[in-house]
Amino acid sequence: MEEQPFSDISFENYLNEEKLMGSRCSRCDALYLPPRPICTACRGSQMSWEEVSGKGKLAAFTCISIAPPSMIAEGYNRQNPYISGVVALQEGVRVDARIEGIDPRKPEEIRIGMPLKVKFLHRGDHRTTLAFDPA
Ligand SMILES: [Zn+2]
């Protein structure tokens, strides 16, 4: 596991295995998710993999009704919008993810700070989308 490069590809491979993995700087303890090979805080390159809890709170969100082609292919459009959000994880890092389990047509019901838990959306093309559900 340690031999995996700290790249987006490794991050996605771990998502396929339902693991939310970041990189932890052994010099200054900064955590990166998705992982980075070089610490932006201290420029250290001694990173190690760390699995995070997958628990967090909603920090920001957008309801998207004008979807990019990949999402249109999944059936999202103006009548069927989806929510893209930023989740502040318990470990102190923020990650971009899909927010599920909430009606995107009722944004007034979505609360900043609401507790969320991780969910892995497996698609047919061997890719996994990081998502969160209300906890
Ligand atoms: Zn560092």
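Our subject in this report is the structure included herewith. Predicted, not measured: the structure shown is a model, and the values here were computed from it.

1. Some thoughts on helix α1 (residues 8-16)
For α1, every residue scored as buried is listed here: Ser10, Phe11, Tyr14 and Leu15. Looking straight down α1, one finds its buried side chains confined to an arc of 145°; they lie on one side. Close packing links the buried residues of α1 with β1 (21-25), β3 (47-51), β7 (115-122) and β8 (128-134). Immediately beyond the C-terminal end of α1, within one or two residues, lies glutamate 18, with a positive phi of roughly 60°.

2. A word on the nonpolar core
In this structure, Leu20, Leu33, Leu89, Ile99, Leu130 and Phe132 are the most contacted members of the largest nonpolar core, which totals 21 residues. Leave out the neighbours within four places in its chain, and leucine 33 touches Phe11, Leu20, Met21, Gly22, Val52, Leu89, Val93, Arg94 and Val95. One finds Tyr14, Cys25, Tyr32 and Met47 within the second-largest nonpolar core, a separate group that totals 9 residues.

3. Concerning the coordination of the zinc ion
The textbook angles at a metal center are 109.5 degrees for a tetrahedron of four donors and 90 or 180 degrees for an octahedron of six. Binding of the zinc ion to the protein goes through Cys25 (SG), Cys28 (SG), Cys39 (SG) and Cys42 (SG), at separations of 2.3 Å. What the 4 donor atoms of the zinc ion show is an angle range of 102 to 114° at the metal, which sorts the shape as tetrahedral. Expressed as a motif, the donor residue spacing for the zinc ion is C-x2-C-x10-C-x2-C. For cysteine 25, a relative accessible area of 1% puts it in the buried group.

4. With respect to the sheet that holds β1
Spatial ordering of the open sheet is given by β2-β1-β3, a layout of 3 strands whose pairing is antiparallel. Where the open sheet ends on each side, the last strands, each with one partner, are β2 (31-32) and β3. For β1 and β2, the ladder comprises 2 bridges, and the chain directions are antiparallel. In the strand pairing of β2, arginine 24 is matched with leucine 31.

5. Here we look at the environment of phenylalanine 11
Within the element layout of this structure, phenylalanine 11 appears in helix α1. For phenylalanine 11, a relative accessible area of 7% puts it in the buried group. Considering only alpha carbons, one finds phenylalanine 11 and proline 35, 24 residues apart in sequence, at a separation of 7.0 Å.

6. Quick word on the packing of aromatic side chains
Applying the stated criterion to the full structure yields 3 aromatic pairs. One aromatic cluster in this structure is built from Phe6, Tyr14 and Trp49. Cation over ring: arginine 98 sits above tyrosine 82, and NZ or CZ is 5.6 Å from the ring centre.

7. Comments concerning the side chain of threonine 129
With respect to the helices, strands and loops of the structure, threonine 129 is situated in strand β8. One polar contact links threonine 129 to arginine 123, side chain to side chain, over a distance of 2.7 Å. Setting aside its immediate chain neighbours within four residues, threonine 129 contacts Arg98, Lys119, Phe120, Leu121 and Arg123.

Reading the values: rules and limits
Residues numbered from 1 in each chain as written. Predicted model: local features only at pLDDT ≥ 70, side-chain atom pairs only at ≥ 80, totals over all residues. Heavy atoms only, no water. Buried < 20%, exposed > 50% of the residue type's maximum accessible area, 1.4 Å probe, protein only. Helix = DSSP H or I, 4+ residues; strand = E, 2+ residues; numbered from the N terminus. Arc of directions from axis to C-beta. Contact = heavy atoms within 4.5 Å. Core = buried A, V, L, I, M, F, W, Y, C linked by side-chain atoms within 4.5 Å. Donors = N, O, S within 2.8 Å, 3.2 Å for Na, K, Ca; no water. Tetrahedral: all angles 85-135°; square planar, octahedral: opposite > 155°, others 65-115°. Pairing = 2+ DSSP bridges. Phe/Tyr/Trp six-rings, centres within 6.5 Å; stacked < 30°, edge-to-face > 60°. Lys NZ or Arg CZ within 6 Å of the ring centre and 35° of its normal. Polar contact = N/O pair within 3.5 Å; in protein donor to acceptor, adjacent residues only side chain to side chain.

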